[in-house]
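Here are the chains, one letter per residue:
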Amino acid sequence: MSPAGDNPLPRAGSALPRAGRALPWALVTPALGWTLLFFVLPFLAMGFSSLTAHEGGGFTLGNYSQFFANPSYWQAMVNSLQVTAIVTVVSVLLAYPFAWILAEQVPERWQRLALMLAVLPFWTSYVVRSYSWLLVLAQNGVINRALTGTGLITEPLQLANTRLATVTGFVHFFVMLLTLTIFANLKQLSPSYRKAAADLGAGPVRTFLHVILPLTLPGIMVGAFLTFVLCIGDYITPQILGGNNELLMPQLVMMQIGRRGDFPLASALSIILMAVVTVAYLACARWLKIERA
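Residues numbered from 1 in each chain as written. Predicted model: local features only at pLDDT ≥ 70, side-chain atom pairs only at ≥ 80, totals over all residues. Heavy atoms only, no water.

A. Structural context of the UniProt feature "domain: ABC transmembrane type-1" (unreviewed entry) in the protein. When the UniProt feature table is mapped to this numbering, "domain: ABC transmembrane type-1" (unreviewed entry) covers residues 77–284. From the first C-alpha to the last, residues 77–284 spans 20 Å; its make-up is 78% helix and 0% strand. (UniProt positions renumbered as here; feature names shortened; annotations may be inferred. Helix = DSSP H or I, 4+ residues; strand = E, 2+ residues; numbered from the N terminus.)

Here it is, written out as structure tokens:
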């Protein structure tokens, strides 16, 4: 028996357990409400709009069939996937050595300063960075002036308003994003992995290929997926650096809104683009699950 004056244990169904069960829902309700208000409802409205005709009428799948029937629309998707794939691969190849140097070669006391310098591009406006690259790559830009001044070329190169310019602007930004994710993975690795590999007779190259690289693949895939999502949906960089010489999906969507006022077709194109991103996510999630196993 409990001594006199002690509070008895709460019974099942009392107010305290009910309050305990309600607390998690109370904490998550603002996030759920925000997601519902600013993602679910707009997405449902966009989906509804994509199934309507531009000039009124009932429901139709014409907006989706128009994407597959129009070669220019399909080519815009191909261009977006090609640019995104190139940017992702180049960014990974540049970011991994950079992250390795920061994590392994830079002394511990200087790593924080090095990381701060690495993320400086994030402190600058996205539009400003794009226009800065346009000034560098223009016919009278820094690169062409340097090449013509040294006599290596006689006529300025066409660098701006090309796919090369678009890829360059993207890589400048996403290399830093990938560097942060890979750096975080490298710092989490225990030195015992390298010691164990050395005890088993593995050299530096085999240790990297069979131990370090597989263990850092989750960080690579997270950064690569973020690069894919942000790159394939970006409108500013292709518009400024690529000009109108190559049509990408975000530009195609904005053309339907700005020039034609065709919101149903723009909604359908946006949903198709989201479907591509979803497929990429599922592919990455499945691959990462295999790697963790």
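Structure's up, so let's keep going.
B. Summary view of the packing of helix α4 (residues 108–118) against helix α7 (residues 163–188). As a packed pair, α4 and α7 sit with axes 11 Å apart at the nearest point and diverge in direction by 160 degrees. Between α4 and α7, the crossing angle belongs to the class labelled roughly antiparallel. Judged by the sense of rotation from one axis to the other, the crossing of α4 with α7 is left-handed. Of the residues in α7, those in contact with Glu108, Gln111, Leu115 and Ala118 of α4 are Met176, Leu180, Phe183 and Lys187. In the contact of α4 with α7, the residues fall into 5 nonpolar, 1 polar and 2 charged. (Axes fitted to C-alpha atoms, helices over the stretch in contact; angles between N-to-C directions. Parallel < 35°, antiparallel > 145°, perpendicular 65-115°, else oblique. Left-handed = near helix turned anticlockwise from the far one by under 90°. Contact = heavy atoms within 4.5 Å. Nonpolar A, V, L, I, M, F, W, Y, C, P; charged D, E, K, R; others polar.)

C. Quick look at the nonpolar core. Counting 34 residues, the largest nonpolar core has Val87, Phe170, Phe174, Ile182 and Leu186 as the members making the most contacts within it. If you list the elements that add at least two residues to this core, you get α3 (71–105), α4, α7 and α9 (204–232). Sort the elements by how many residues they give to this core and α7 lands first, with 12 residues. Other than its neighbours up to four places away in sequence, Ile182 contacts Ala95, Tyr96, Ala99, Gly219 and Ile220. The next biggest cluster of nonpolar side chains, apart from the first, holds 23 residues, and it includes Tyr64, Phe67, Leu252 and Leu273. (Core = buried A, V, L, I, M, F, W, Y, C linked by side-chain atoms within 4.5 Å. Buried < 20%, exposed > 50% of the residue type's maximum accessible area, 1.4 Å probe, protein only.)

D. Structural context of the packing of aromatic side chains. Evaluated as defined, the whole model comprises 12 aromatic pairs. Relative to Phe59, the ring of Phe48 lies with its centre 5.3 Å away and its plane at 85 degrees, an arrangement referred to as edge-to-face. Placement of the pair is Phe48 in helix α1 (residues 15–50) and Phe59 in the loop between α1 and α2 (62–69), with a sequence separation of 11 residues. A residue is classified by how much of its surface remains accessible, and Phe59, at 60% relative accessible area, is exposed. Between Phe173 and Phe174 the ring centres are 5.1 Å apart and the planes differ by 80 degrees, which places this aromatic pair in the edge-to-face class. (Phe/Tyr/Trp six-rings, centres within 6.5 Å; stacked < 30°, edge-to-face > 60°.)

E. Seen up close, empty space enclosed by the protein. Evaluation of the coordinates by the stated rule reveals 3 cavities of 30 Å³ or more. There is about 50 Å³ of room inside the largest cavity. As for the largest cavity, its lining consists of Thr162, Arg163, Thr166, Pro238, Gly242, Gly243, Glu246, Leu248 and Gln251. (1 Å grid on protein atoms, 1.4 Å probe; cavity = no way out; pocket = protein on both sides within 12 Å on 5 of 7 lines; lining within 4 Å. Points joined across faces, edges and corners; volume = space filled by probe spheres on them.)

F. Looking closely at the pattern of salt bridges. Across all of its chains, the model carries 4 salt bridges by this definition. Across the pair Arg194 and Glu104 runs a salt bridge, and its minimum N-O distance is 2.7 Å. Of this pair, Arg194 sits in helix α8 (residues 191–199) while Glu104 sits in helix α3, and the two are 90 residues apart along the sequence. Between Glu108 and Lys187 there is a salt bridge; the shortest N-O distance is 3.2 Å. Here the residue Glu108 occupies a position in helix α4, and Lys187 occupies one in helix α7, the gap between them amounting to 79 residues. (Salt bridge = Lys/Arg side-chain N within 4 Å of Asp/Glu carboxyl O.)

G. Here's a closer look at the UniProt feature "transmembrane region" (unreviewed entry) in the protein. As annotated by UniProt and renumbered to match this structure, "transmembrane region" (unreviewed entry) occupies residues 22–45, 81–102, 114–134, 164–186, 207–236 and 263–284. Here residues 263–284 runs as 100% helix and 0% strand, with 31 Å between its end C-alpha atoms.

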